[in-house]
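# Chains, contacts and geometry: an overview
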Amino acid sequence: MASELERVRALVEPITADLDLDLYDIERRGGTVRITVDTPPGSDGGINLDTLSLATRLISRELDHEEPITTQYTLEVTSPGLERTLRTPAHFQREVGKDVTVRLAGHAVADGGARRVDGKLLAADDTTATLLTADGDERAIAIADVDKARTIFEWGPKPKPGKGPGNTKSKNSAKDNQSKSGQSMKEKQQS
């Protein structure tokens, strides 16, 4: 007999396919069933709110009609966001080429080794993910040994030269100079 989530997946997959969406993940945490949908891999841009709203209505109607879950639950239909959780081999395969952070399970950490590994995801298959670390080393990680992983999104542009936190010039430097000299521009013009 199929589990609740397998029954939900069987009902949701045709809906997402009709909407030209990818069923990214289905999970149940407590009383919440979270269905994560996204644009197909390689698409320009992400999912928009109108499409997400339509998917929510269609999925909700189908689940209400078929009742694959016998207990009370809250349905949440969402996008994976910019920093995506990587839980399955398919998730890792989809995100090849992106920066990721991986936290290894305790049993997978070698003596003195780091539990967290950050780097560019070079390759992924059904059992392993290969990362290029900042040191330039390639590190193969068994997906079964991953406690938690996600993509890393670089927020905002890099600061322009002279505009970073170390810049001591301020917009108020003219006022600062004025207060040091004790004369305002009006006073200088009148004299």
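The structure contained in this document is the topic of the report that follows. (Residues numbered from 1 in each chain as written. Predicted model: local features only at pLDDT ≥ 70, side-chain atom pairs only at ≥ 80, totals over all residues. Heavy atoms only, no water.)

Attention now moves to the sheet that holds strand β1 (residues 22-29). The strand order β1-β2-β3 describes an open sheet built from 3 strands, whose pairing is mixed. In this open sheet, the two strands that pair with only one neighbour each are β1 and β3 (74-78). For this sheet, the mean angle separating the axes of adjacent strands, direction not counted, is 15°. Of the strand pairs in this sheet, strand β2 (residues 32-38) and β3 are connected by 5 bridges, and their pairing is parallel. Following the sheet pairing, Arg34 is matched in β3 by Glu76. Contacts between helix α1 (residues 4-18) and the sheet are confined to β1 and β2, with β1 contributing the most and set at about 150° to the helix. Those strands touched by helix α2 (residues 49-66) are β2 and β3, and its axis lies near 150° from that of β3. (Pairing = 2+ DSSP bridges. Helix = DSSP H or I, 4+ residues; strand = E, 2+ residues; numbered from the N terminus. Axes fitted to C-alpha atoms, helices over the stretch in contact; angles between N-to-C directions. Contact = heavy atoms within 4.5 Å.)

Among soluble globular proteins, nonpolar side chains are generally buried collectively. Counting residues in each nonpolar core, the largest one holds 17 residues, and the members touching the most others are Val8, Ile35, Val37 and Ile59. When residues of this core are traced back to their parent elements, those giving at least two are α1, β1, β2 and α2. Setting aside residues up to four positions removed in sequence, Val37 forms contacts with Thr16, Leu21, Asp22, Leu23, Tyr24, Ile47, Leu52, Val77, Thr78, Ser79 and Pro80. Counting residues in each nonpolar core, the second largest holds 14 residues, with Val117, Leu121, Ala129 and Leu131 among its members. (Core = buried A, V, L, I, M, F, W, Y, C linked by side-chain atoms within 4.5 Å. Buried < 20%, exposed > 50% of the residue type's maximum accessible area, 1.4 Å probe, protein only.)

Once their charged atoms are close, side chains differing in charge can pair, the charge on each being opposite to the other. Summed over the entire model, instances satisfying the criterion amount to 16 salt bridges. With a closest N to O distance of 3.4 Å, Glu27 and Arg34 form a salt bridge. Here Glu27 falls in the buried class, since its relative accessible area comes to 11%. (Salt bridge = Lys/Arg side-chain N within 4 Å of Asp/Glu carboxyl O.)

We now examine the environment of Thr70. One can find Thr70 in the loop between α2 and β3. Taking the C-alpha atoms as reference, Thr70 lies 8.6 Å from Glu4; in sequence the two are 66 residues apart.

Moving on, we get to the packing of α1 against α2. For the pair α1 and α2, the least separation of the axes is 10 Å and the interaxial angle reads 140°. In terms of orientation, α1 and α2 fall into the oblique class. By crossing handedness, the relation of α1 to α2 is classed as right-handed. On α2, the residues that touch Val8, Leu11, Val12 and Ile15 of α1 are Leu58, Ile59, Glu62, Leu63 and Glu66. Grouping the amino acids of the contact of α1 with α2 by side-chain chemistry returns 7 nonpolar, no polar and 2 charged. (Parallel < 35°, antiparallel > 145°, perpendicular 65-115°, else oblique. Left-handed = near helix turned anticlockwise from the far one by under 90°. Nonpolar A, V, L, I, M, F, W, Y, C, P; charged D, E, K, R; others polar.)

Turning our eyes to something else, we now look at the packing of aromatic side chains. Tallied over the entire structure, the rule returns 0 aromatic pairs. Its end group placed over the ring of Tyr24, Arg84 keeps NZ or CZ at 5.9 Å from the ring centre. (Phe/Tyr/Trp six-rings, centres within 6.5 Å; stacked < 30°, edge-to-face > 60°. Lys NZ or Arg CZ within 6 Å of the ring centre and 35° of its normal.)

Any link to function would need more than the numbers given here.
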